[in-house]
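# Examination of the molecular architecture
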Amino acid sequence: MSFESQPEPGSSTVSTLVPVPAGPVPIIPEPSPRQKVDITIDGQKLVVPEGTTLLEACRRLGIETPTLCFLENLTPVNVCRICVVEVEGSRVLVPACSRKAEPGMVVRTDSERVRLSRRLVLEFLASSVDVSTAPELKNYMQRYQARPERFGPAAPAAPAGGRDAALPGLHILPEGTMASTVAQPVKIDNELYVRDYSKCILCYKCVEACGVDAQNTFAIAVAGRGFDARISTEYAMPLPESACVYCGNCIGVCPTGALMFRSEYEMRRAGTWDEPKQTRTDTICPYCGVGCTLTLHVQDNTIVKATSPLEQDITRGHLCIKGRFGWQFVQNRGNLEAEEKSGLESNRDD
Amino acid sequence: MDLRLTGAEPTSEEKIAVESVLGPPDSGWVGGTRRSELEGHAAFGGQAARAKRHLLLPVLHAIQSRFGWISSGALSYACQRLDVPPAEAFGVASFYGLFSVTPRPPVVVHVCDDIACLASGAKAMCEKLEQTLGSPGSPGPEGRTTWLRSPCLGLCERAPAALLSAAGKRSYEKVLAPASPETITSCLNETESEPGNLLERLEASLAVPQVGQAELRLLRRIGRVNPESLDDYRAEGGYKMLRRALELGPDRVIREVIDSKLVGRGGAAFPAGKKWAAVAAQTARRPHYLVCNADESEPGTFKDRVVMEGDPFALVEAMTIAGFAAGCERGYLYVRGEYPLATERMARAIERTRERGLLGDNILGHRLSFDIEIRRGAGAYICGEETALFNSIEGFRGEPRNKPPFPTEAGLFGKPTVVNNVETLINVLDILGRGGAAYASTGTSGSTGTKLFCLSGHIARPGVYEVPFGTTLRQLIDLCGGVSGSRGLQAILLGGAAGFFVSPQQLDTPLTFEGTRAIGASLGSGVVMLFDDTVDLKEILLRIAAFFRDESCGQCVPCRVGTVRQEELLHRLADGRPMGSLAKETSLLREIGQAMRDASICGLGQTASSAIESAMAGWERFNERKHP
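Conventions used here
Residues numbered from 1 in each chain as written. Chains lettered and ligands numbered in written order. Predicted model: local features only at pLDDT ≥ 70, side-chain atom pairs only at ≥ 80, totals over all residues. Helix = DSSP H or I, 4+ residues; strand = E, 2+ residues; numbered from the N terminus. Buried ≥ 20, exposed ≤ 12 C-beta atoms within 10 Å, placed from the backbone. Contact = placed C-beta atoms within 7 Å. Rg over C-alpha atoms; globule rule 2.2 N^0.38 Å. Pairing = 2+ DSSP bridges. Axes fitted to C-alpha atoms, helices over the stretch in contact; angles between N-to-C directions. Domains from an automatic or database assignment. Parallel < 35°, antiparallel > 145°, perpendicular 65-115°, else oblique. Nonpolar A, V, L, I, M, F, W, Y, C, P; charged D, E, K, R; others polar. Right-handed = clockwise from strand over helix to strand, strands pointing away. Left-handed = near helix turned anticlockwise from the far one by under 90°. Arc of directions from axis to C-beta. Core = buried A, V, L, I, M, F, W, Y, C linked by C-beta atoms within 7 Å.

### Some points on the overall build of chain A
Summing up its helical and strand segments, chain A has eight helices and 12 strands in all. Taking all 350 residues of chain A together, 42% fall into the buried category. Put simply, of all contacts in chain A between residues at least 6 apart along the chain, 57% involve residues at least 24 apart.

What follows is the structure, given as structure tokens:
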């Protein structure tokens, strides 16, 4: 790869009074004024600034567009294809989340073609993935009348490690009467969170959050190919041996509950998870000076998980291990009371 | 990047394999000896190492061909040298069919069981191999050998085909075509062959039955020149066209190509001249790249292989002209991993031309600097998709990118890129020879010039044929000697697995872009595969469905799951166990097809149902048909 040519330092019209940096001076391009773009969505005319995506334009008009792999704090990957819309003159449907508005574009968001593709995407996902903890996806299914059972009953789950060992291009004849799924045992290899890839729709969000969009840790990536593609560490090694730093940002962006706090996972298993009963309280993380906003999810006066608001300037929804998981000390009330008591007693002894 | 390397310590052999591509480490930061006077307190290599990520694929090839699989120690060392996170490198290594990330015997024979070979007895051959060698992937005696089923190997004129690859200090590859259970078994038992006879030599007359005919343009040198001799090539008019291009200048060359109305031969039929002009116009954004797509993996396609094996210098010259016209500093030739002989021939041709100053700086005394690098694919049909190919070269998973932006704007390494396939590029020699307007007088107004067709299946003389556009399907089949044997013709597959089935009633269709469009088909990559009435077309359809399931990259939902549901549904029909009525199943199949066509990211998903849907009308007929 090569670099753009740089001017010789000091050779230009720089005033002698200003100290000249030793290295090449990066050229900052003049900001060009954003052009206005005229588009039509579902018959409504609209003017948007250049660079606006069709999704943003739809939202501006109050047109609800379903999204799964899109999140405001991540680079759009447009892989789930649920947000597809019809653009006049385009042979295929286009993803609203990443396609930018172009002058004169005529967009339809609720045509028969759009509805069919959205419905099929939902049926494909719900027939191959456990969507029981993905409320948004279930809402979409209702809206588009998706019937995943059309593909037959679910095939049995893979044994532990089975999907991790799948080889690219190696064909295994399907049992046509059952729908293949990604079902497999849940991965529990650490104290903080679980990975239930039976619920993974491969939206790439966790990979993005672990990579350049947030954490720059690169502990996970997509491995394998086709229906066997999966989120994996190198050689599917357990998380504690991997590069994972337990920031939990992957949990924060997961749309289906495939990645889940261990606390939530265990309460759900015990049948005690009760979201309507939970309160959410914003506070500031007590650890360092950055001042990240924490949202504490509390049930029965106990913190059950911590998140950060997406629109919060400092975090953009992302946290580190301390903010995400380091709140256990708040709950050690029993010990605290005992300590206080013993402290008082020892004081009295003095 | 602050990488956490988690793999085992590399052995010295593993280090040598990685260093065969990257050279010895130059600092302590990438696994070398730390020199305290130079790097006591400073870190080096970050940006410089990351800029080498495009060497990941060649490094993985080096490891695979040395050990037969990619171990965690070797991968970890490659990651350290290239500053690539191990999880990402694992994602890349586990993407390709020719790589293995689990221990595998060093000698593997890949046996093609794809459609053309299926029509030539591959099924019986594989059944025999299952009996004698065990199930695919099971290790043979002493764990030294194994066999695997493979998608199309591009050797359809000599079906059924197999490709042996032996890893080791002296790795080698061997083409077996036509193959038989006996030749495969004996080949596996050979301990080591002599290098030099390892690659099956191209038998030009077999691959190009028209060899030596005067009216040939694109194929005229094949079989007549020694593909390893630059002098031979020059004696046959080679490098005259580059001289002419240099005289004309880039703008005139592009004008001629636009006048010729040459369109891409890879399947999408985009005007080549327009593409070149779009890249040439981006003068402010440098460098420009030229990518030659030789990842010909469409089942039934083998024309680009024959061109590269038989006339490699023509491709080097054509790439140089394209690079000159579009202002590209560097060319990449991406050859599919299953083409060892084509890769070797192209590598030699590039080396020879470089020695003679026909590549490099100041070519033919002009201010033209251009060079070509070869990249080998590693068993992934999807990498024939242009943007997936860019990702593959750059060292990422071969997943297609969303378009726009188009390659002419942001292609390889994010720079303006011309990407053409082999056949498209070699047409340029003919265009400059005749002049664009004269070239356009051949063929029809909508499809100019000549076209290479790959004839396979039940045809008397299979091979690559060159005919002017507008030739009818019947004329082409007659030219190839008609249906082989004395059987009747059942169906013809046009354009490969991503193409369409046409019936014997449609033989008078002219082979042009517009003519095939008129009957709801396409020329695709130029596949014409004949099936006589002994073939069970259901089996062919199941194989096509399996192909797309196996070759989907898995990135987008419609293709990742749609190809699976499509295959499951066809199995239900083939087994006579439909869920509900046949009409209900066919309408479900159509819906799956439409979602894949409308909502998939790339051409693979968009065409994964086309051949199957085109044949479904006749499904009940296939069911009733009695097997002879």
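The structure having been displayed, the exposition proceeds.
### Some words on the overall build of chain B
A tally of helices and strands in chain B yields 28 helices and 13 strands. Against the compact-globule benchmark of 25 Å for 628 residues, chain B has a radius of gyration of 24 Å, which places it among compact chains. Evaluated residue by residue, chain B yields a buried proportion of 58% over its 628 residues. Sequence-distant contacts in chain B: of pairs separated by 6 or more residues, those separated by 24 or more amount to 71%.

### Notes on the environment of Leu588(B)
The residue Leu588(B) is located in helix α25 (residues 582-599) in this model. On the basis of neighbour counts, which here come to 20 C-beta atoms within 10 Å, the residue Leu588(B) falls in the buried class. The sequence separation of Leu588(B) and Ala322(B) amounts to 266 residues, and the corresponding C-alpha distance is 46 Å. Apart from residues no more than four positions distant in its own chain, Leu588(B) is found in contact with Arg150(A) and Leu569(B).

### Section: the sheet that holds strand β2 (residues 44-49) of chain A
Residue and element names in this part refer to chain A. With respect to topology, five strands assemble into an open sheet ordered β2-β1-β5-β3-β4, the strand pairing being mixed. Only two strands of the sheet have a single neighbouring strand rather than two, namely β2 and β4 (94-95). In the sheet, strand β1 (residues 36-41) pairs with strand β5 (residues 105-108) via three bridges, with the strands oriented parallel. Residue Thr-40 lies in a different strand from β5, and its bridge partner there is Val-106. Its contacts with the sheet put helix α2 (residues 112-128) on β3 (84-87) and β5, and the angle it makes with β3 is roughly 160 degrees.

### Notes on the domain arrangement of chain A
All names here are of chain A. When its domains are assigned, chain A resolves into domain 1 (34-153), domain 2 (155-163 + 181-271) and domain 3 (274-343). Placing a centre on the C-alpha atoms of domain 1 and another on those of domain 2 gives a separation of 26 Å. Counting from both sides, the interface comprises 17 residues of domain 1 and, opposite them, 17 residues of domain 2. Secondary structure elements with two or more residues in the side of domain 1 that touches domain 2: α2 and α3 (135-143).

### Looking at the packing of helix α15 (residues 303-310) of chain B against helix α19 (residues 422-434) of chain B
All names here are of chain B. It is at 9 Å that the axes of α15 and α19 come closest, and there the two elements cross at 50 degrees. Here α15 is positioned oblique relative to α19, judged by the angle of their axes. Residue-level inspection shows Lys-303, Asp-304, Val-307 and Met-308 of α15 in contact with α19, the latter providing Val-422, Glu-423 and Ile-426. Residues of the contact of α15 with α19, tallied by class, amount to four nonpolar, no polar and three charged.

### Comments concerning the interface of chain B and chain A
How big an interface is tends to be reported as the loss of accessible area on association of its parts. Opposite the 55 residues of chain B that make contact, chain A presents 50 residues. Counting only elements with at least two residues in the side of chain B that touches chain A, the list comes to α6 (86-93), α23 (537-551), α24 (557-574) and α25 of chain B. Ranked by residue count, the leading element in the side of chain B that touches chain A is α24(B), at 12 residues. Partitioning the side of chain B that touches chain A into residue classes produces 24 nonpolar, 16 polar and 15 charged.

### Thoughts on unusual backbone geometry
Backbone torsion omega between Ala159(B) and Pro160(B) reads -5 degrees, so that peptide bond is classified as cis. That bond from Arg286(B) to Pro287(B) is cis: its omega, -5 degrees, falls within 30 degrees of zero. Of note, Pro287(B) is situated in the loop between α14 (272-280) and β5 (289-294). For Ala236(A), which is not a glycine, the phi torsion comes out positive at approximately 55 degrees. As for its position among the elements, Ala236(A) is in the loop between β8 (230-232) and α5 (249-253). In this structure Ala236(A) comes out as partly exposed when scored by C-beta crowding, with 18 C-beta atoms within 10 Å. Positioned with a positive phi, Asp83(B) is a non-glycine residue whose angle comes to about 60 degrees. Structurally, Asp83(B) can be placed in the loop between α5 (72-82) and α6.

### Quick word on the pairing of strand β6 (residues 330-335) of chain B
Residues and elements named next belong to chain B. For β6, a buried count of five out of six residues is recorded, marking the element as mostly surrounded by other parts of the structure. Of the pairings in the sheet, the one linking β5 to β6 comprises six bridges and is parallel in character. Directly across from Cys-292, in β6, lies its bridge partner Leu-333. Across six bridges, β6 lies against strand β7 (residues 371-376) in parallel orientation. In the strand pairing of β7, Leu-333 is matched with Ile-374. Where the polypeptide runs from β6 across helix α17 (residues 340-355) and back to β7, its parallel neighbour, the crossover connection is right-handed.

### A closer look at the packing of helix α16 (residues 312-326) of chain B against α17(B)
Residues and elements named next belong to chain B. Across the interface, α16 lies against α17 with an axial gap of 9 Å and an inter-helix angle of 60 degrees. Our classification of the angle between α16 and α17 gives oblique. The two elements α16 and α17 meet at a crossing, and its hand is right-handed. Two secondary-structure elements touch here, α16 through Pro-312, Phe-313, Leu-315 and Val-316 and α17 through Arg-345, Met-346, Ala-349, Ile-350 and Thr-353. Among the residues forming the contact of α16 with α17, the class breakdown is seven nonpolar, one polar and one charged.

### Describing the pairing of strand β1 (residues 107-112) of chain B
All names here are of chain B. Extensive coverage of β1 is indicated by the burial of six of its six residues. The side-chain alternation of β1 yields two buried faces, one formed by Val-107, Val-109 and Val-111 and the other by Val-108, His-110 and Cys-112. Across five bridges, β1 lies against strand β3 (residues 162-166) in antiparallel orientation. What sits directly across from Val-111, in β3, is Ala-162. Bridging between β1 and strand β2 (residues 145-150) involves six bridges; their strand directions are parallel.

### Considerations on the domain arrangement of chain B
Residues and elements named next belong to chain B. When cut into domains, chain B gives domain 1 (12-93), domain 2 (107-189), domain 3 (230-440), domain 4 (450-532) and domain 5 (537-624). Placing the centre of domain 3 and that of domain 4 at their C-alpha centroids yields a distance of 27 Å. Of the residues lining the interface, 12 residues belong to domain 3; the matching set on domain 4 comes to 14 residues.

### Quick notes on the sheet that holds strand β11 (residues 293-299) of chain A
Note: strands within a sheet are paired through backbone hydrogen bonds, in either parallel or antiparallel orientation. All names here are of chain A. Strand order in the open sheet formed by three strands is β10-β11-β12, with antiparallel pairing between adjacent strands. The two strands at the open ends of the sheet, each matched to only one other strand, are β10 (279-284) and β12 (302-307). Averaged over all pairs of adjacent strands, the angle between strand axes in this sheet comes to 35 degrees, irrespective of strand direction. Here β11 runs beside β12; their pairing, made up of five bridges, is antiparallel. Bridge assignment links Val-298 to a residue of β12, and that residue is Ile-303.

### Side note on helix α13 (residues 250-260) of chain B
For an α-helix the count is 3.6 residues per turn, leaving residues at separations of three or four pointing the same way. Residue and element names in this part refer to chain B. Along α13, the positions that sit buried rather than exposed are Val-253, Ile-254, Glu-256, Val-257 and Ser-260. Seen end-on, α13 carries its buried residues on one side only, within an arc spanning 155 degrees. Where the residues of α13 are buried, they touch α12 (240-248), α14, α16, α19 and α20 (436-440). Where α13 terminates, the next one or two residues include Lys-261, which has phi positive at roughly 60 degrees.

### Side note on α15(B)
Among the eight residues of α15(B), eight are classified as buried, and the element is accordingly described as predominantly covered. Among the residues of α15(B), Lys303(B), Asp304(B), Arg305(B), Val306(B), Val307(B), Met308(B), Glu309(B) and Gly310(B) are the ones counted as buried.

### Some points on the nonpolar core
Residue and element names in this part refer to chain B. One finds Ala-78, Trp-276, Leu-315 and Ala-322 to be the most contacted residues of the largest nonpolar core, which totals 286 residues. The element best represented in this core is α16, accounting for 11 residues. Other than its neighbours up to four places away in sequence, Leu-315 contacts Cys-292, Val-307, Met-308, Met-346, Val-422, Leu-425 and Ile-426.

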